[in-house]
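# Working through the structure, step by step
The residues making up each chain are set out below.
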Amino acid sequence: MAEVIVVTSGKGGVGKTTSSAALGTGLALKGYRTVVVDFDVGLRNLDLIMGCERRVVYDLVNVVKKEANLNQALIKDKRLEELYILPASQTRDKDALDIDGVERVIEELKAANFDYIICDSPAGIEKGALMALYFADRAIVVTNPEVSSVRDSDRILGILASKSKRAEEKLEPIREHLLVTRYSPSRVERGDMLALSDIEELLAIPLLGVIPESIAVLRASNSGIPVTFDQESDAGQAYLDAVDRFLGNKVPLRFVNTKKRSFLERMFKSKDKEGAAV
């Protein structure tokens, strides 16, 4: 039976779509049949990050409104056999979605034998975000290490606990996971960012992963290749670690501490400072 996963946050710009693409790709790399659904109607960025923007003919709203069938709208990734994308509309607004239509699409995706249905949510708590989380079995709450982002994520946790179908029907609660993005241990040490321990204490949900601040993320987004494919990069490795933890494997955290410099690195750094002072 397919699991429905919502990737959500209260604040915009924290990396939800990047994370949806990376996690979906990671699950497909593990052999799981995965579809990533873009719920950000009117803005549509998932297709750009997945590198399939020129292949979009029909979209989520077309399927919800019965203007196209699911097979017409689904886009199969050219690099991975098990990965599919269902893009959002760029010309409609979020009011084009209705709960019955979204439920029908989710049920059709389940019937299509997907293992995981990842719902890439728009930011905030308006209609599009509520539609994306309503049918979720699990939620990945994405936050940056800053006070406003963490506060907004706490607000989303309240909505997950009260506005989802599981909450309304008094079923087992949505399983929540925390994903911290754009984390920089050196900036944490300088007091420019919240420490990981502070974020965990404030949100009090299980930690899925920590994605380091990395140029690899920007490079991947601009090239239309999910960063999970860049397995040499720190961000790519961190997302793959998060996928392993999502699947129940115990994987130690990486990229959460500053790199200790060797004796030679410290010595040359000291000489550089002395030379600059002369």
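Structural data are supplied above this passage.
Residues numbered from 1 in each chain as written. Predicted model: local features only at pLDDT ≥ 70, side-chain atom pairs only at ≥ 80, totals over all residues. Heavy atoms only, no water.

### Remarks on the packing of aromatic side chains
Taken as a whole and assessed by the stated rule, the structure comprises 4 aromatic pairs. Aromatic side chains Tyr 84 and Phe 114 sit 5.4 Å apart centroid to centroid with 80° between the ring planes, which places their arrangement in the edge-to-face category. Residue Tyr 84 is located in strand β4 (residues 83-86), and its partner Phe 114 is located in the loop between α5 (99-111) and β5 (116-120); the two are separated by 30 residues in the primary sequence. Each member of the pair, Tyr 84 together with Phe 114, is buried. (Phe/Tyr/Trp six-rings, centres within 6.5 Å; stacked < 30°, edge-to-face > 60°. Helix = DSSP H or I, 4+ residues; strand = E, 2+ residues; numbered from the N terminus. Buried < 20%, exposed > 50% of the residue type's maximum accessible area, 1.4 Å probe, protein only.)

### Observations regarding helix α10 (residues 196-203)
All of the buried residues in α10 are Leu 196, Ile 199 and Leu 203. Along the axis of α10, the buried residues cluster in a sector spanning 60°; they form a single face. Facing away from the buried side of α10, by more than 90 degrees, are the exposed residues Glu 201 and Leu 202. Within two residues after α10, Ala 204 carries a phi angle of roughly 55°, on the positive side. (Arc of directions from axis to C-beta.)

### With respect to the state of the cysteines
In total, this model carries 0 disulfides according to the counting rule given. Cys 119 provides the cysteine sulfur closest to Cys 52, a residue in no disulfide bond, and the two sulfurs are 16 Å apart. Assessed through its relative accessible area of 2%, Cys 52 is described here as buried. (Disulfide = S-S within 2.5 Å.)

### So, unusual backbone geometry
In this structure, Arg 44 is a non-glycine residue whose phi angle is positive, near 45°. Along the chain, Arg 44 turns up in the loop between β2 (34-38) and α2 (46-49). What makes Arg 44 buried here is its relative accessible area of 12%. The phi torsion at Phe 255 lies on the positive side, around 65°, for a residue other than glycine. Its place among the elements puts Phe 255 in the loop between α12 (234-246) and α13 (263-277).

### Regarding the pairing of strand β8 (residues 207-212)
Among the 6 residues in β8, 5 count as buried, and that is most of the element. Across 4 bridges, strand β7 (residues 175-183) lies against β8 in parallel orientation. From the neighbouring strand, Leu 179 faces β8, where its bridge partner is Gly 209. (Pairing = 2+ DSSP bridges.)

### Quick look at the pattern of salt bridges
Applying the stated criterion across every chain, the model contains 16 salt bridges. Among the ionic pairs, Asp 244 bridges to Lys 30, the shortest N-O distance being 2.8 Å. One end of the pair, Asp 244, is in helix α12; the other, Lys 30, is in the loop between α1 (16-29) and β2, and 214 residues separate them in sequence. Judged by its relative accessible area of 18%, Asp 244 falls in the buried class. Judged by relative accessible area, which is 41%, Lys 30 ranks as partly exposed. In this structure, the salt-bridge partner of Arg 166 is Asp 137, at a minimum N-O distance of 2.9 Å. Of this pair, Arg 166 sits in helix α8 (residues 165-168) while Asp 137 sits in the loop between α6 (127-134) and β6 (138-143), and the two are 29 residues apart along the sequence. (Salt bridge = Lys/Arg side-chain N within 4 Å of Asp/Glu carboxyl O.)

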